[in-house]
Amino acid sequence: MLTQAPKGTRDILPQEVYKWQHVENIIKEICGNFGYSEIRIPVFEHTELFQRGVGDTTDIVQKEMYTFDDKGGRSITLRPEGTAGVVRSYIQNGMASLPQPVKLFYNITAYRYENVQKGRYREFNQFGAEAFGAEGPSIDVEIISIADLLFKKLGISNIRLNINSIGCPVCREKYGIVLKEYLEQKKEQLCSDCRVRLERNPLRVLDCKVKECNLATEGAPSMLDNLCEECGDHFEGLKGMLEKVGIDYAVDSRIVRGLDYYTKTVFEFVSENVGTQGTICGGGRYDGLVEACGGSVTPAVGFALGMERLIMEMDNQNASFPLPKGPELFVASIGSDADLFAQELVYQLRENGISAEKNHMGRSLKAQMKYADKCDAAFTVVIGENEILSNKAVLKNMETGEEKDVSLDSILERFKRAKSACKEGTA
Ligand code: HAM
C-alpha cells in the first residue's frame, strides 16, 4: 500500500512531463491569442454546487463524486469537473459587471470515482475554456475553434468534431415527452439504470453505453426535429459559421453529454483511433447554469479536454514533442580546489540563465564524463590542478567532438555571448 499510488491515480514522471509542458505552452499561447485569461479555482467546493450544477440525475453526481464531511461538518466534494467551480467564481467575484463576454481558461485536476481503464482515471487533468455573457452562435464557434486549433498546432489529425443541439428547457421538455413515449415501448430492453433514467431524465438514456440500450434507442425520435424556432436558428447559425471558418463537423443527434447543464449546442471531439475512451474533448452551451447557481441570467458556453487522452492520442499518432535539453556545460573536476572552482562557475552560469551541471557524487573523471554524456550536456570542460595553475582548460563540444583550448576566466563570457547570439537569432 505504502508504495502504490491509489487506484486510478498516476504519477507523471519527468520522462513524460516535457510532453505536458509542450501542450500547456501551446494552450497558453492559443488562449492568449483568443483573449482567454487563466483562472485557478479550488480543488474542492461545497457538494451542493455540483449537485445543482452538474445535475442530480447524472452518473457523476449519483455514482462518481469524492464527497466527505470536513471537520467542521460541511459536505465537501473534490471537483469532478471545472465548469461549476468557474461559474461559482464568476458569481462570487461579480464578473457579471466586467465587459462581456468574460473569457476564461483553466488547467485543473478533476476527480471521479470511475471504473479505471486506459484513458479513464479517478484523478485526471482537464484543460477547459468558458465564455460568459454572449448568446449568439459566434461564441460557440470561437470556443470550438480553440480546441480545433490546438489539435492543428499539436500536429494531430483524425479527430472528428460531432455537434448537436439539445434545445432549451422549453423545447427539450416537449421532446422529453415524445422520447419517453417511444422509450416506454422499449422498456423491457433497457438496463436497470435506464429504467430509472426514463422516469427522471429520458434524454440520458440516449447516452447510455450499454449495447442493448443503444440498440433500443436506434430509431428514437431526434431532438433536432423537435427544436423550437430560436434553438433551430441557433443551430443553423452555428453550422454556417463552422463552415465559414473551415472547421469540418458531423451532426450526431445522439450526443446529449453526461452533464445536466447543457442547452442548445453540444459537441464532442472524438478520436478515430481510441474507441470507447475516444472522446478527447466535450462541451457546449449552458445558458441556465449561472442562474441555477444563484447568479443572474447569463448565457455561457465552454468545453473541457482530457489531457491524458490528448497526450495518449499524440503518442498514438507519433506527434513530435520538442525534447528536453541537457545542460549547456558540464564542469568536471579533479580534486577539491577544482571542485570549488566548478561550484563557483556553475553558480555564475546559472545566475546568467545558462544551464550547467557539476559532479556531486565524488565520481572519478571517467565516470563524470559518462554522466555528462548521459545528461546530454552540450559541452564539457575538465578542471584539475594544472588547469587552475595555468588558467587554461579544454572545452569539448559533445556533439561534434571538437576540442578548444580556452582560458578559465573566459568560460562564463563565452557562454553568455553564445546565449545572446542565440537570442538575437530567434528574435
Ligand atoms: P466531460 O465530458 O465530463 O465534460 O469531460 C471532458 C473531457 O474530460 C472528456 O472528453 C475526457 O477527455 C476527459 N475526462 C472525463 N472523465 C475522465 C476520466 N475519468 N479520465 C480521463 N479523462 C476524463 C466536462 O467536464 C465539462 N465540464 C465540459 C464543459 C466545459 N462543458 C462546458 N464547459
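Residues numbered from 1 in each chain as written. Predicted model: local features only at pLDDT ≥ 70, side-chain atom pairs only at ≥ 80, totals over all residues. Heavy atoms only, no water.

**Student:** Would you explain the pattern of salt bridges in this entry?
**Tutor:** Proximity of charged atoms lets side chains of opposite charge pair with each other. Throughout the structure, instances matching the rule amount to 27 salt bridges. Between lysine 103 and glutamate 142 there is a salt bridge, and its shortest N-O distance comes to 2.8 Å. Pair noted here: lysine 103 is in strand 5 (residues 102-111) and glutamate 142 is in helix 5 (residues 137-153), with a separation of 39 residues, a long-range link. With a shortest N-O distance of 2.7 Å, aspartate 287 and arginine 285 are connected by a salt bridge. Like arginine 285, aspartate 287 is buried. In this structure, a network of salt bridges that share partners links the residues Asp59, Lys63, Asp193 and Arg197. (Salt bridge = Lys/Arg side-chain N within 4 Å of Asp/Glu carboxyl O. Helix = DSSP H or I, 4+ residues; strand = E, 2+ residues; numbered from the N terminus. Buried < 20%, exposed > 50% of the residue type's maximum accessible area, 1.4 Å probe, protein only.)

**Student:** Any chance you could explain the domain arrangement of the chain here in plain terms?
**Tutor:** Interface size is commonly expressed as the accessible area that is lost once the parts come together. As assigned here, the chain comprises domain 1 (14-168 + 228-316) and domain 2 (329-419). A separation of 49 Å is found between the C-alpha centroids of domain 1 and domain 2. (Domains from an automatic or database assignment.)

**Student:** Help me understand the site of the ligand, please; the structure alone is not making it clear to me.
**Tutor:** Taken together, 26 residues surround the ligand, and among them Glu81, Glu114, Tyr121, Glu130 and Tyr262 come closest. The side chain of threonine 83 places a nitrogen or oxygen atom 2.9 Å from a nitrogen atom of the ligand. Between the ligand and glutamine 126, the relevant distance is 3.0 Å, taken from an oxygen atom to a side-chain nitrogen or oxygen of the residue. In the complex, the protein chains occlude 96% of the 660 Å² of accessible area that the ligand would expose alone. Looking at the shell around the ligand, the elements with two or more residues in it are strand 6 (123-132), strand 10 (279-285) and strand 11 (300-306). For the shell around the ligand, the residue count by class is ten nonpolar, nine polar and seven charged. (Near = heavy atom within 4 Å. Polar contact = N/O pair within 3.5 Å; in protein donor to acceptor, adjacent residues only side chain to side chain. Areas by Shrake-Rupley, 256 points an atom, 1.4 Å probe, with all protein chains shown as cover. Nonpolar A, V, L, I, M, F, W, Y, C, P; charged D, E, K, R; others polar.)

**Student:** I would appreciate a short explanation of the packing of helix 1 (residues 14-34) against helix 5 in the present structure.
**Tutor:** How two helices pack is summed up by the angle between their axes together with the distance between the axes. At their nearest, the axes of helix 1 and helix 5 sit 10 Å apart, and the two run at 145° to each other. Pair helix 1 / helix 5 crosses with right-handed handedness. Residue-level inspection shows Ile26, Ile27, Glu29, Ile30 and Phe34 of helix 1 in contact with helix 5, the latter providing Glu142, Ser145, Ile146, Leu149, Leu150 and Lys153. Residue composition of the contact of helix 1 with helix 5, by class: seven nonpolar, one polar and three charged. (Axes fitted to C-alpha atoms, helices over the stretch in contact; angles between N-to-C directions. Left-handed = near helix turned anticlockwise from the far one by under 90°. Contact = heavy atoms within 4.5 Å.)

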